[in-house]
Number of protein chains: 4
Amino acid sequence: MSTQVFAAANDASRPAVPYRASTAEKQLNIISLERLEVEARGAIPKAGYEFVSGGAGNEWTLRENRRAFNDYRIAAKRLVGLSNNDIDIRTSLLGLNMPSPIMVAPMEAHMMVHEQGEKDTARGAGLAKTLYCSSGASNTTLEEIAKATSGPKWFQLYWNNDDAVTRSLLTRAREAGYTAIILTADALGPGMPEDFKAMGSPFRPDANFANHDPKKGGFGNFFDQKTALTPENIQFIKRFTGLPVIVKGILRPDDADRFIRAGADAIQVSNHGGRQIDGVPASITALPPIVKVVNNRVPIILDGGIRRGIDIVRAIAMGADAVAVGRPMMYGLGLGGAQGVQSVIEHLSNDLKSTMLLAGAAKLSDLDASYIDIVGENERFDTYNG
Amino acid sequence: MSTQVFAAANDASRPAVPYRASTAEKQLNIISLERLEVEARGAIPKAGYEFVSGGAGNEWTLRENRRAFNDYRIAAKRLVGLSNNDIDIRTSLLGLNMPSPIMVAPMEAHMMVHEQGEKDTARGAGLAKTLYCSSGASNTTLEEIAKATSGPKWFQLYWNNDDAVTRSLLTRAREAGYTAIILTADALGPGMPEDFKAMGSPFRPDANFANHDPKKGGFGNFFDQKTALTPENIQFIKRFTGLPVIVKGILRPDDADRFIRAGADAIQVSNHGGRQIDGVPASITALPPIVKVVNNRVPIILDGGIRRGIDIVRAIAMGADAVAVGRPMMYGLGLGGAQGVQSVIEHLSNDLKSTMLLAGAAKLSDLDASYIDIVGENERFDTYNG
Amino acid sequence: MSTQVFAAANDASRPAVPYRASTAEKQLNIISLERLEVEARGAIPKAGYEFVSGGAGNEWTLRENRRAFNDYRIAAKRLVGLSNNDIDIRTSLLGLNMPSPIMVAPMEAHMMVHEQGEKDTARGAGLAKTLYCSSGASNTTLEEIAKATSGPKWFQLYWNNDDAVTRSLLTRAREAGYTAIILTADALGPGMPEDFKAMGSPFRPDANFANHDPKKGGFGNFFDQKTALTPENIQFIKRFTGLPVIVKGILRPDDADRFIRAGADAIQVSNHGGRQIDGVPASITALPPIVKVVNNRVPIILDGGIRRGIDIVRAIAMGADAVAVGRPMMYGLGLGGAQGVQSVIEHLSNDLKSTMLLAGAAKLSDLDASYIDIVGENERFDTYNG
Amino acid sequence: MSTQVFAAANDASRPAVPYRASTAEKQLNIISLERLEVEARGAIPKAGYEFVSGGAGNEWTLRENRRAFNDYRIAAKRLVGLSNNDIDIRTSLLGLNMPSPIMVAPMEAHMMVHEQGEKDTARGAGLAKTLYCSSGASNTTLEEIAKATSGPKWFQLYWNNDDAVTRSLLTRAREAGYTAIILTADALGPGMPEDFKAMGSPFRPDANFANHDPKKGGFGNFFDQKTALTPENIQFIKRFTGLPVIVKGILRPDDADRFIRAGADAIQVSNHGGRQIDGVPASITALPPIVKVVNNRVPIILDGGIRRGIDIVRAIAMGADAVAVGRPMMYGLGLGGAQGVQSVIEHLSNDLKSTMLLAGAAKLSDLDASYIDIVGENERFDTYNG
């Protein structure tokens, strides 16, 4: 149960240290994802846990991603004639039929958590028939990840300064069976949690750039990422791959509008899990004005702080079409490998079903703004006395 | 002082474990119900305490049920010529003359707390001449509970998927002397506190379904509850029993209106003590818009977080007609059996009286919206400078 | 340094316990009144400290009395040409020339804190030439207290159910040199902190009712207080004594108006230090609408949470004419007797002066609404972008 | 590593105590300035740390200076075509070309922290080519400080009651090469943290008044400061020195307007780091209405709570032109002397650059109000449903 896959990113001469990531493979009995995190904290090496769990700066946005859900209370409906069997959480997204609005968010360096890394996460997503989003910053090649999952998959691109590398990555992704490309618009810098930085831990998520057949890629330098992206890049990917493009990392309505006009097939409201820039709003806070400007032109995915069915109910009722879940997948991975990831997805799906039953909604499309009771509105005197 | 009444609900083969519930029988000297809870925590077995005290999910709604009362400050009146003897907290509700607006909320499985279970709670309510609401999920049959109290009683129905069982329960309730039926609209799933779930404790609140004369009921399966209820079910109960129906668990004004149009004789604003779905508003927050839409057509009962006289003053001043109190009754039960329950009711009644004296209101009907000073209103500049 | 002045109020047969109140007599070097409280906590017997420091119920109002000051930020003025010597905090109130707007609030049972009780508090007030308000619930007779202070003094009346007793108290107060009567409108019940109740401590603040010349009073039963007061009682005191009447305990503008129409010569905005009914607003929160309705007809005194010069600046800028300070006087008394009380008054006066210098106001009458920046106003977008 | 430069300010007979200030000289590896403070706490003598880190009164304003930044969330822009090299944080201020909008705030008594005192702070500022503001309350003469830095410098004046002393200080400052004068409008009293006062520590920041050539100054009494300043004093300095004047300590828009009309060349929004009067707003809260009234007539500097690049982004986007940073410079000084100060400035500059890249702004002038998302605005129902 030890591995040495991590070399120091900024000190090549430092001898690789043993890094005892998990090798667990089992179904998990999950009470809540918060409890799962507490348990995972004991199972994941400290560097890995700090890397996964932390956020940028003072972690205000990280905390806000959770707290802000409480601003939107649920106005549950009663006696609507629903039983458990009536609850249907299926949806479709960019042509995919999905068993639920849940997908696995792209995340870096799964070997920080489990020896099987992305392969097990992807396999777990496949077991739950859930969409897996493969990060361009992985410890495993995109081809290996693609083979590991029996379910749908999207590829998240980090644009390289060398256009040949970027084109190679896109070609490889399409050939490996990824059916859409996620253009991450907000990953412009290191974005590492400060607790992780303080540990000086090794970190090398560049599997897609090494030990590969040069014809298919595997060359270039992962760390030579291009940040100077514009809406033009959306069209380039679409033309080059023929695949739909999701633009991830949107927090402003004018950006959403700009990218849709530039051809984006979907918008992902996200602050990168509070990992890139601290001080931006929670995703759920940023959602409403974006929903308004998007006006149903394209689907909206939301990530950031989803831990319970009620959070998904809020996101959907406020106008999102699907949600991406990140860290809890890593905790499931650490505690149970692929089966652990499957357990996380199934727990959250079941929690969503119970919550919809309790909220009085049969289908995702039943969830509209009337389910949302914004904190501060109801308490005002004019509501009370008016 | 030990008992083995609890068998594992989902593991019949597991040997019953000794469960040392309280056997106390005494009057209590109560300073406040918060202090009573601290004391009770030491007297109730851990599983029982977690079961009674906890709430659903992250317990945000559970905490909010208490916190939100602070949003409604009391604008006390002075020099209104009242002495202690002028304070009159009597009221009437659906034809019942009640010594106070306080009633005992329906709660499950009292044997988790005290060996005499519901019998002692009901007896304590009777000693205080207070309305007892008998939960359909009890450790004692509804007939035994009915016999135990000398006071008024209502029966809370869990609708069974087998209509014959439901009809049998209703018939038994009417014959046992219950004078109204509470239709719980929000108990659609397990709803157990996560700390309790994590303990894997036994729980079998199905006394009404076992060991009974088949002619009078006692058959069926408690856990085969019907959730697919509609407003039609209100009329069914009324016609079948001839009794008034209270619909419990309302959080939205449109629901209240819908159920009154369908025949509800009273509305209970409730989030099930924060036990069913976490993320819904506090009961007191949900009250004002419901009061507005109900517009005095039927009485309104509120439960959720009532611990002090001031909370009752708030609820009444904001438009409720009565309040149901749950967990504190269980703490009184655990510490003093029937007499403990009586002590809780009398303490709260006396606290209500002192608070009304201090607030300058002689009768419940004196309490109107002018007593409420909503946090945030008074602090605004236009109030100050206007 | 021990005394046995306290007998059990509700158990006359209980032998008096030794109660080691302070005997300190010294000037205090005060950094802040919060630090003074921490120090006093070690010097005052536990029962006395709990009695003095605590509040009613959950102590929400007690805490709110402090917190709510933060809702009103100070918009300090700069370069207004002031030096220390320009600051003048003198004022006049009901004909009294006062060195500052500070007065000693009426408080019960000072022997809980110091062996010399009210005599030392009054003497300390006199040393600082500060108005002393003598509580009707004292451990010393009103005559002894009157003799102890060289400064101005008012008498706070607890109306007795026996009108002869009330008239006797008023006559004695006028003859002893008290120049105004405070009618406490909000002391209608026991109002003891729960931590104090839980200790079951002795408490007998009825010195005015025992061991006296029957001709001058000293008869009757302190605990037989009359709560059924009305605005008529204001006129009775005025006619009977010829003295001005302050009505204390106002939290509503309509009450203030009603009492002024009934003859009140001053209004005291107060929630009894958060000791009588928990859940009412902080005094400073209740002040603005009262200021508006009073409209300068009579002076307004505010008490509740005053600990620093900035709090007085807020109260005055928001429309109060003077402030009454309670608990800190008791902490000064416990740590330094009369000189300790003097030190508290002088510290607070000096703090008020420095704060006025820093806020850019030379006289109390300079402090107007423009000094107040209400939290939440400045942060709104229309302020920012408008 | 010990020194005895501090004598008791108010007790000349007290023997000087050894005071082991830091002698460190090294570059620092900084993860965040919050972490730096934690580290510095161990390196700075306790008296010095309390003096530097504390604030006035209850330190509400001190904490608010940090908290209030969170009221202004950043609405980051995406896909704007920026790479690291495009980010330009240069600016100019009163004719100075500055590498960034960051300057070193005037602070007293640097020898409390490091044996080299102001000389090392100034030298560090020079190494980073950053504007150094020299406090009139220093442990080193203004001439020594001027010589220590190779960068630009301004002099902060404490006006003396003896006009000859004031004129002497201004003459000396101009001759020593200071290019502007800061008139501190809010330092009217002692303003020492209470934790520091409670220690009774020595403090004598009057180097400019002692051991000097009488012809050039060095006479007078530092503690004889004049507080009775008016806008006339602005013109006096301008005429006497021919240098521009920055008025520091503004919290009200009407003050800003008054001082600009009186000739101020720049306005510094500041609450003196929460050190002078507790209860005034955070600087960032006070900024918006001042920006509005200043209306670009003069530049606006903001200080108070700046710890991260995001704070500078907020200040600039909300209308400030530059920011002054205080305490973190002292922590850098304590841990690394001049190089430590340089490290702090470079860390903050780099953090500002990364944050601008992540926020999607190339130049400071790109940062406008559209980057600010005020907490509470987005959550309102009319935004959501409108």
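Reference entry: report on the structure contained in this document. Every value quoted in this text rests on a predicted model; they were computed, and no experiment measured them.

Side note on the overall build of chain A
Scanning chain A from terminus to terminus reveals 13 helices and 12 strands. Each of the 386 residues in chain A was classed as buried or not, and the buried ones make up 64%. Long-range contacts, defined here as pairs at least 24 residues apart, represent 74% of the contacts in chain A between residues at least 6 apart. Put simply, chain A shows about 13000 Å² of open surface, and 47% of that area lies on carbon and sulfur atoms.

Overview of the interface of chain C and chain B
How big an interface is tends to be stated in terms of accessible area lost as the parts join. On the chain B side, the residues contacting the 45 residues of chain C number 36 residues. Between chain C and chain B the total buried area reaches about 3400 Å² when both faces are included, carbon and sulfur atoms providing 56% of it. Counting the contacts that link chain C with chain B gives 3 salt bridges. On the surface where chain C and chain B come into contact, there are 16 residue pairs in polar contact (both at pLDDT 80 or more). Among the secondary structure elements, those contributing two or more residues to the side of chain C that touches chain B are α3 (60-67), α7 (194-199), β8 (245-250), α9 (253-261), α10 (283-294) and β12 (372-374) of chain C. For the side of chain C that touches chain B, the class distribution of residues is 24 nonpolar, 9 polar and 12 charged.

Thoughts on the pattern of salt bridges
One pass over the structure, following the stated rule, counts 84 salt bridges over all chains. When the shortest N-O distance is used, the salt bridge between Glu34(C) and Arg66(C) registers 3.0 Å. Linking Glu34(C) in helix α1 (residues 33-43) with Arg66(C) in helix α3, this pair joins segments that are 32 residues apart in sequence. Salt bridges sharing common partners tie together Glu34(A), Arg35(A), Arg66(A), Arg308(A), Asp311(A), Arg314(A), Glu194(B) and Asp195(B).

Things to note about the relation of the copies chain B and chain A
For the pair chain B and chain A, the superposition axis carries a translation of 0.0 Å, the fit reaches an RMSD of 0.0 Å, and the rotation angle comes to 90°. Expressed as a symmetry operation, the mapping of one chain copy onto the other fits a four-fold axis. For chain B, the smallest separation between a C-alpha atom and the rotation axis is recorded for Gly376(B), amounting to 6.6 Å.

A short note on unusual backbone geometry
Phi is positive for Leu94(A), close to 50°, though the residue is something other than glycine. Residue placement: Leu94(A) occurs in the loop between β2 (91-93) and β3 (96-98).

Here we look at helix α12 (residues 327-359) of chain A
An α-helix turns once every 3.6 residues. As a result, residues three or four positions apart point the same way. All names here are of chain A. Look at α12: only 26 Å from first C-alpha to last across 33 residues, short of the 48 Å you get at 1.5 Å a residue. The principal kink in α12, of about 140°, is found at Gly336. The buried fraction of α12 is high, at 28 of 33 residues.

Brief notes about the environment of Phe155(B)
Residue and element names in this part refer to chain B. You can see Phe155 is positioned in strand β6 (residues 153-157). Of the residues examined, Phe155 reaches a relative accessible area of 1% and is grouped as buried. Separated by 90 residues in the primary sequence, Phe155 and Val245 have C-alpha atoms spaced 9.8 Å apart.

A word on the packing of helix α4 (residues 117-127) of chain C against helix α12 (residues 327-359) of chain C
Two measures define how a pair of helices packs: the angle their axes make with one another and the distance between the axes. Residue and element names in this part refer to chain C. As a packed pair, α4 and α12 sit with axes 7 Å apart at the nearest point and diverge in direction by 25°. When the axis of α4 is compared with that of α12, the two are roughly parallel. As α4 packs across α12, the resulting crossing turns out to be right-handed. Contacts between α4 and α12 involve Gly117, Asp120, Thr121, Arg123, Gly124, Ala125 and Leu127 from the former and Leu333, Gly337, Ala338, Val341, Gln342 and Ile345 from the latter.

Considering helix α9 (residues 253-261) of chain B
Taken residue by residue, α9(B) has Asp255(B), Ala256(B), Asp257(B), Phe259(B) and Ile260(B) as its buried positions. Once α9(B) finishes, Gly263(B) follows within two positions and takes phi at roughly 115°, a positive value.

Focus on the interface of chain B and chain A
Taken residue by residue, the interface counts 45 residues in chain B and 36 residues in chain A. Taking both sides of the interface into account, the surface hidden between chain B and chain A amounts to around 3400 Å²; carbon and sulfur atoms contribute 56%. Counting across the chain B and chain A interface gives 3 salt bridges. For Arg308(A), the salt bridge goes to Glu194(B), with nearest N and O atoms at 2.8 Å. Linking chain B to chain A there are 16 residue pairs in polar contact (both at pLDDT 80 or more). For the side of chain B that touches chain A, the elements supplying multiple residues, two or more each, are α3 (60-67), α7 (194-199), β8 (245-250), α9, α10 (283-294) and β12 (372-374) of chain B. Residue composition of the side of chain B that touches chain A, by class: 24 nonpolar, 9 polar and 12 charged.

So, the environment of Ile181(C)
Residue and element names in this part refer to chain C. With respect to the helices and strands, Ile181 occurs in strand β7 (residues 181-184). For Ile181, a relative accessible area of 0% puts it in the buried group. Among residues more than four places away in sequence, those in contact with Ile181 are Phe155, Leu157, Leu170, Ala173, Ile237, Thr241, Leu243, Pro244, Val245 and Ile246.

Focus: the packing of aromatic side chains
All names here are of chain D. Applying the stated rule across the entire model yields 20 aromatic pairs over all chains. Considering the side-chain rings of Trp159 and Phe236, the 5.5 Å spacing of their centres and the 55° angle between planes classify their relative orientation as tilted. Separated by 77 residues along the polypeptide, Trp159 in the loop between β6 (153-157) and α6 (163-175) and Phe236 in helix α8 (residues 232-241) bring together distant segments of the chain. On the accessibility criterion, Trp159 (6% relative accessible area) is buried.

Quick look at the pairing of strand β7 (residues 181-184) of chain D
All names here are of chain D. In β7, alternate side chains face the same way, and those of Ile181 and Leu183 on one face and Ile182 and Thr184 on the other are all buried. Across 3 bridges, the pairing between β6 and β7 is parallel. Across the sheet, the residue bridging to Gln156 is Ile182, located in β7. A crossover connection joins β6 to the parallel β7 through α6; in handedness this β-α-β unit is right-handed. As paired elements, β7 and strand β8 (residues 245-250) share 4 bridges and run parallel to each other. Looking at β8, one finds that Ile182 is bridged to Ile246.

Here's the deal with the packing of α6(D) against α8(D)
Residues and elements named next belong to chain D. Two numbers describe how α6 lies on α8: the axes approach to 10 Å, and their chain directions differ by 50°. Classified by the angle between their axes, α6 and α8 sit oblique to one another. For the crossing formed where α6 meets α8, the hand is right-handed. Touching Arg167, Leu170, Thr171 and Arg174 of α6 are Phe236, Ile237, Phe240 and Thr241, all from α8. Looking at the contact of α6 with α8 residue by residue, the class counts come to 4 nonpolar, 2 polar and 2 charged.

Structural notes on the environment of Ser283(B)
Residues and elements named next belong to chain B. Within the fold, Ser283 resides in helix α10. Put simply, Ser283 and Glu108 are 175 residues apart on the chain and 20 Å apart in space, counted from C-alpha to C-alpha. Aside from chain neighbours lying at most four places away, what touches Ser283 is Asn65, Val269, Ser270, Asn271, Leu302, Asp303 and Gly304. A polar atom in the side chain of Ser283 sits 2.6 Å from the backbone oxygen of Asp303.

Each value, and the rule that gives it
- Here the residue index of a chain counts from 1 through its sequence in written order.
- Key to labels: chains lettered from A, ligands numbered from 1, both in the order written.
- Where totals are concerned, whole chains, interfaces and linings use all residues; where local detail is concerned, this predicted model gives features only for residues with pLDDT of at least 70, and gives and counts side-chain atom pairs only at 80 or more.
- Side-chain calculation: all heavy atoms of the structure are included, whereas hydrogens and water are not.
- Secondary structure elements follow DSSP: runs of H or I of four or more residues count as helices, runs of E of two or more count as strands, with numbering from the N terminus.
- Categorising residues by exposure relies on relative accessible area from a 1.4 Å probe, with only protein chains included: less than 20% of the type maximum marks a residue as buried, more than 50% marks it as exposed, and the intermediate range marks it as partly exposed.
- The contact criterion used is simple: two residues touch if any of their non-hydrogen atoms lie within 4.5 Å.
- Only the protein chains shown count as cover for residues, and all accessible areas are computed by the Shrake-Rupley method using a 1.4 Å probe.
- The term buried area refers to how much accessible surface (probe radius 1.4 Å) is lost by two components on association, counted for both of them together.
- By definition, a salt bridge exists where a carboxyl oxygen of Asp or Glu is found within 4 Å of a side-chain nitrogen of Lys or Arg.
- For the purposes of these results, a polar contact is taken to be a pair of N or O atoms within 3.5 Å, where, inside protein, one atom must be able to donate a hydrogen and its partner to accept one; residues adjacent in sequence count only when each atom of the pair is a side-chain atom.
- Under the convention adopted here, Pro, Cys and the residues Ala, Val, Leu, Ile, Met, Phe, Trp and Tyr are nonpolar, Asp, Glu, Lys and Arg are charged, and Gly plus all remaining residues are polar.
- When the copies are superposed, the least-squares fit draws on C-alpha atoms of residues that have pLDDT of at least 70 in both.
- In this analysis, the expected span of each helix is defined as 1.5 Å times one less than the number of residues it contains.
- Axes are fitted to the seven residues ending at a residue and to the seven starting at it; the angle between these axes is taken as the bend at that residue.
- As a rule, the C-alpha atoms of each element are fitted with a line to give its axis, helices using only the stretch in contact, and angles between N-to-C directions run from 0 to 180 degrees.
- Here the angle decides the label: under 35 degrees means roughly parallel, over 145 means roughly antiparallel, 65 to 115 means roughly perpendicular, and every other value means oblique.
- It is the rotation of the near helix from the far one that decides the hand of a crossing: anticlockwise by less than a right angle makes it left-handed, clockwise makes it right-handed.
- Only Phe, Tyr and Trp rings take part, Trp by its six-membered ring, and two of them pair if their centres are within 6.5 Å. Stacked means planes under 30 degrees apart, edge-to-face means over 60, and tilted covers everything else.
- Strands were regarded as paired on the criterion that DSSP finds at least two bridges between them.
- Note on handedness: a clockwise path from strand one over the helix to strand two, with the strands aimed away from the viewer, defines a right-handed crossover.

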